[in-house]
Amino acid sequence: MLQRIRVAALAITLGAGALVMAPSAATAAADPVITRVGISPNSPIDVTNGAVTATFSFATKGADKAELQLKPPGDISVGKPVDLTSTKDGDWTKWSGTRSFDSTNVGTWSWLAVAGGASRGGTFEVSVKKVLDTKIVDFDASPDSVDKGDLIKVSGRLLADGKGYGGQSVTITFRERGTDAYRHVTKVTTGGNGWFGATVRADETGWWRAEFAGTSAAKGSVSDTDRVDVSRGVLGSRIAGFDARPEPVDKGDRLTFSGALLVEDRGGVAGERVSIFFKADGSSRWEYVTSDVTGRGGRFWASAPAETSGWWRAEYGGTRGVRGSVSDADWVKVNQPAPPPTASKADTRLIKFNAYPEPVKRGQYLKFKGRLQVFDEGSWEGYSGKVALFFKPTGAKKWQYVKTTWSNDGGGLYTKVKGWNSGRWRFVFGGDDDTYGATSGSDYVRVKR
């Protein structure tokens, strides 16, 4: 194109004789030709009664590719292309594509057809004959009475000039009892007959309604309100910070138990009875031991004599409007009295304890190995016995029971658990009828987040 302009300018400057310098018809490529874009239905496209699909068509000559761009009203960006199909008709190529328009697209649109180095543009209108009157009818929020946190269904129908108005955005709003303002909850789109519905969570008593903001083709409207009463329902409870101490403890000494009873939305609650239960090692049955009534802040305290190693926990039976709960269990080792001098028991030891790898990534397995030995006839030999794995998190004062494993006939120990926190690990052998107990050295492992 630039070359042609230069040739024309030179012809004007030098006279007609300069035209002999222009390319001959045999060698110059013909400029692409593009026709005006036809639109069906004709502009303006009337979307008063709903969405309309318009067809855009044009023809090109001397170009193998073509593009049609449409730009919305007021949009200063590059137009978006329309998907085109093509057919050949001699030297011409016919192009066709479609786009749907509705009441949200009202205004003056621009079109631009491009083929090779040629382009052609124009405008067309999308319009409505009149602004529709709308009304939201049959709005309902149900059920009318629910517990806090329950789901309710809100539904209704949007009409325009008395007919179902589909494809429109409706906002569900809520006003809590004791307040003046409605707040946005969710948005829904009406179906072809104007019906809409949504499922929402009810946390407070108040009024629900639907709002249609309106468009250039339709006026806005607001539904009637519908009240839903929300009751608090049954509250949850939990026992926090339960602890049985000291650990370990000698048989016959007293253990003390403490913790706090917390109730949802209320915090610590006084005047509620909390019971202490015990399950001995090797047993599957929890047995009642003692109880206490919670005081200020929901705290409780109780005590009982230690008889044998096992698990302790606190239980709250609940009351009207409050669910019961059970604390985490706490394992306590009870040291049995030393055997009489006449008893013949062998010493044991746990050696070569190692926790690895170190460091370990959070949630990955930690492995533990060691060896349990018994002193028999003047030498240390491997011993088969039940050994417990304990862990003490960084900053904690108390060792926590993790799991039990068995050494093999040669005394070899191996087990694994997932690592969640940094801290120290160790093996503990509680002894048996023939041997005294033993505790390994501890090994620190850092857990990477």
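Predicted model only: the values in this text are computed from it and were never measured.

Rules and cut-offs
Residues numbered from 1 in each chain as written. Predicted model: local features only at pLDDT ≥ 70, side-chain atom pairs only at ≥ 80, totals over all residues. Heavy atoms only, no water. Pairing = 2+ DSSP bridges. Helix = DSSP H or I, 4+ residues; strand = E, 2+ residues; numbered from the N terminus. Phe/Tyr/Trp six-rings, centres within 6.5 Å; stacked < 30°, edge-to-face > 60°. Lys NZ or Arg CZ within 6 Å of the ring centre and 35° of its normal. Salt bridge = Lys/Arg side-chain N within 4 Å of Asp/Glu carboxyl O. Buried < 20%, exposed > 50% of the residue type's maximum accessible area, 1.4 Å probe, protein only. Lys, Arg positive; Asp, Glu negative; His and termini not counted. Polar contact = N/O pair within 3.5 Å; in protein donor to acceptor, adjacent residues only side chain to side chain. Contact = heavy atoms within 4.5 Å. Core = buried A, V, L, I, M, F, W, Y, C linked by side-chain atoms within 4.5 Å. pLDDT = per-residue confidence, 0-100.

Draft legend 1. Highlighting the sheet that holds strand E6 (residues 80–81). Spatially, five strands are ordered E3-E10-E9-E5-E6 in an open sheet, and the strand pairing comes out mixed. The sheet terminates laterally at strand E3 (45–46) and E6, the two strands that pair on one side only. In this sheet, strand E10 (residues 118–127) lies alongside strand E9 (residues 107–115) in antiparallel orientation, the contact comprising nine bridges. By the bridge assignment, Gly 107 is partnered in E10 with Val 126.

Draft legend 2. Structural view of the packing of aromatic side chains. In the structure shown here, the tally under the stated rule is 21 aromatic pairs. Ring geometry for Phe 101 versus Trp 109: centroids 5.1 Å apart, planes at 85 degrees, classification edge-to-face. Taking NZ or CZ as reference, Lys 416 lies 4.5 Å from the ring centre of Tyr 365, over its face. Above the plane of the ring of Trp 399 lies Arg 426, whose end atom (NZ or CZ) is 4.1 Å from the centre.

Draft legend 3. Region of the structure containing the pattern of salt bridges. What the rule picks out here adds up to ten salt bridges. A salt bridge links Lys 129 to Asp 46; the nearest nitrogen and oxygen atoms lie 3.7 Å apart. Here Asp 46 lies in strand E3 and Lys 129 lies in the loop between E10 and strand E11 (134–142), a separation of 83 residues in the sequence. When its relative accessible area of 72% is taken as the criterion, Lys 129 is described as exposed. Between Asp 89 and Lys 94 there is a salt bridge, with the nearest N and O atoms lying 3.4 Å from each other. Under the relative-accessibility criterion, Asp 89 is labelled partly exposed at 43%.

Draft legend 4. A look at the side chain of Arg 175. Mapped onto the secondary structure, Arg 175 falls in strand E15 (residues 169–176). Buried charge Arg 175 goes without a salt bridge, the closest partner of opposite sign being Asp 180 at 5.1 Å. Of the polar contacts made by the side chain of Arg 175, one reaches the backbone oxygen of Thr 179; its length is 2.8 Å. Excluding residues that lie within four positions of it along the chain, Arg 175 makes contacts with Asp 180, Ala 181, Tyr 182, Gly 206 and Trp 207.

Draft legend 5. Up close: the nonpolar core. Formed by 25 residues in total, the largest nonpolar core has its most connected members in Ile 152, Val 154, Tyr 165, Phe 196 and Trp 208. Mapped onto this core, the elements with two or more residues apiece are E11, strand E13 (151–160), E15, strand E17 (195–201), strand E18 (206–212) and strand E20 (226–231). For this core, the element with the most residues is E13, which contributes four residues.

Draft legend 6. Expanded view of the confidence of the model for the protein. Summing up the model confidence of the protein, the mean pLDDT is 88 and the portion of residues at 70 or higher is 92%. Confidence drops under pLDDT 50 across residues 1–27; counting only partners more than four residues distant or on other chains, this segment forms nine contacts.

Draft legend 7. Focus on the pairing of strand E36 (residues 386–393). Summarising burial for E36: six of the eight residues are buried, a large majority. Pairing between E36 and strand E37 (residues 400–406): six bridges, direction antiparallel. Bridge pairing in E37 links Leu 389 to Lys 403. Once E36 ends, the chain turns through six residues before running back antiparallel as E37, passing Gly 395 with a positive phi of about 90 degrees. Where E36 and strand E39 (residues 423–429) come together, seven bridges link them in antiparallel fashion. Note on E39: the bridge partner recorded for Val 387 is Phe 429.

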